[in-house]
Amino acid sequence: MPVVIGVVVDRGISSGSTSRFLTSLLLLAALMTTLAFGYRFGSRFIVRAREEESHLLRAEVAGHVLHPRGARTSSLTGEVLSLATGDAERVAEVVWQLAYLVASTLSVVIVALYVLQVDLLIGLIILVGVPAVTLVIQVVTPVVAHRSERQQESIASASGLATDLLHGLRPLKGIGGEDVAFARYRVLSRRAQGDTIAVARSWGYLGGLTTLLSGLLLGAVALVAGQRALDGDLTLGQLIALVGLTQFLAEPISQLGDVSAQFGGSLASARRISTFLATPRLQEPADGTLDAAQPRLSITDVHLGPLDGL
């Protein structure tokens, strides 16, 4: 958009040609239409892909735990529910993250290539500055990913205990153990609360660092572009395009900084789900085969209540 607006100013307005002005306006309208429909259909496709992927993961977790031969796992019911809901959704977010990663990278590269044609110095600032900002941000993202993993584990533990307490509330009341059980849940709940606050605080630090570094970079680009325009090295349309592109770059730079932390959280959920799916069956399948055409089942020596003499 900023590039096309600069074209409208330089070739449509500054030239004084009505035909060029109308042609550039048509180009602007075509670009707006493409962006509008691209966002609409692209968003629909990616949301559908994400929802289908999370549904497949939920079905796989449910199929594992409901298998006729069972699953040998120490996970509580609430923990399995957390795997099939929160963790499955977190893993499916990878579809979204990869799309943003590709789009953000392409955006930065295309902008840098355009700016290099307009002004070599500004293009080099973008090509060197964006990887440098992204590299500095990567120092913080492992901390966010680690805290996200710990948060998911503590929430799953609290959910699992809460589910078991609800199922066994009547027996607990019968033996007078509800106070002890609730105290255990209170400890896990507070731990989950603390981990959630720590994750939110980490995301805040990451967002602040990203905004600060990208703001410094974009400010430097705008400053150099303004100086070039005052020196007469840039036209008014090119200045408008460069300033607009500088503002546009804020989002892809921010996405490049956040996507690794988001991916870390998805990877932690994927590990939890894969560990659960790797648990063995309670009953191993039989190796024998039946040779008879019409096999029969025989029960002998049964001596228990109404089954006596069967």
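Residues numbered from 1 in each chain as written. Predicted model: local features only at pLDDT ≥ 70, side-chain atom pairs only at ≥ 80, totals over all residues. Heavy atoms only, no water.

Within the protein one finds nine helices and zero strands. Secondary structure elements of the protein, listed N to C terminal, follow the sequence α-α-α-α-α-α-α-α-α. On C-alpha atoms alone, the protein measures out to a radius of gyration of 30 Å, which is more than a quarter above the 19 Å that the 2.2 N^0.38 rule sets for 310 residues. Its C-alpha atoms give the protein principal-axis dimensions of roughly 105 × 55 × 30 Å. Residue burial in the protein is summarised as follows: out of 310 residues, 33% are buried. In the protein, the share of contacts with a sequence separation of at least 24, taken over all contacts with a separation of at least 6, comes to 82%. Per element, the accessible surface of the protein, about 19,000 Å² overall, is 64% carbon and sulfur. Between the mean site of the 24 positive side-chain charges and the mean site of the 25 negative ones, the protein shows a separation of 4 Å. (Helix = DSSP H or I, 4+ residues; strand = E, 2+ residues; numbered from the N terminus. Rg over C-alpha atoms; globule rule 2.2 N^0.38 Å. Buried < 20%, exposed > 50% of the residue type's maximum accessible area, 1.4 Å probe, protein only. Contact = heavy atoms within 4.5 Å. Areas by Shrake-Rupley, 256 points an atom, 1.4 Å probe, with all protein chains shown as cover. Lys, Arg positive; Asp, Glu negative; His and termini not counted. Charge placed at Lys NZ, Arg CZ, Asp CG, Glu CD.)

Tracing the backbone shows R50 in helix 2 (residues 18-65). Apart from residues no more than four positions distant in its own chain, R50 is found in contact with A92, E93 and W96.

With that settled, the discussion passes to the side chain of D119. Mapping D119 onto the fold places it in the loop between helix 3 (77-118) and helix 4 (120-138). Residue class for D119 comes out buried when judged on its relative accessible area of 7%. Of the polar contacts made by the side chain of D119, one reaches the backbone nitrogen of L121; its length is 3.1 Å. A polar side-chain atom of D119 sits 3.1 Å from the main-chain amide nitrogen of I122. (Polar contact = N/O pair within 3.5 Å; in protein donor to acceptor, adjacent residues only side chain to side chain.)

Time to look at the packing of helix 8 (residues 236-248) against helix 9 (residues 250-277). One way to put it is that helix 8 packs onto helix 9 with a least axis distance of 4 Å and a crossing angle of 25 degrees. In terms of orientation, helix 8 lies roughly parallel with respect to helix 9. From helix 8, T246, Q247 and F248 reach across to helix 9, where they touch A250, E251 and P252. Tallied by class, the residues present in the contact of helix 8 with helix 9 amount to three nonpolar, two polar and one charged. (Axes fitted to C-alpha atoms, helices over the stretch in contact; angles between N-to-C directions. Parallel < 35°, antiparallel > 145°, perpendicular 65-115°, else oblique. Nonpolar A, V, L, I, M, F, W, Y, C, P; charged D, E, K, R; others polar.)

The next subject is unusual backbone geometry. A positive phi angle, close to 55 degrees, is found at D301, a residue other than glycine. By the element assignment, D301 lies in the segment after helix 9.

This next bit is on the pattern of salt bridges. Scanning all chains against the criterion turns up five salt bridges. For R48, the salt bridge is made with E52, and the minimal N-O distance between the two is 3.0 Å. Within this pair, R48 and its partner E52 are both found in helix 2, separated by four residues, close to a single helical turn. A relative accessible area of 42% means that E52 is categorised as partly exposed. (Salt bridge = Lys/Arg side-chain N within 4 Å of Asp/Glu carboxyl O.)

Across the protein, pLDDT averages 81, with 97% of residues at or above 70. For the protein, the element scoring lowest by mean pLDDT is helix 5 (residues 141-167), at 72; helix 2 scores highest, at 90. (pLDDT = per-residue confidence, 0-100.)

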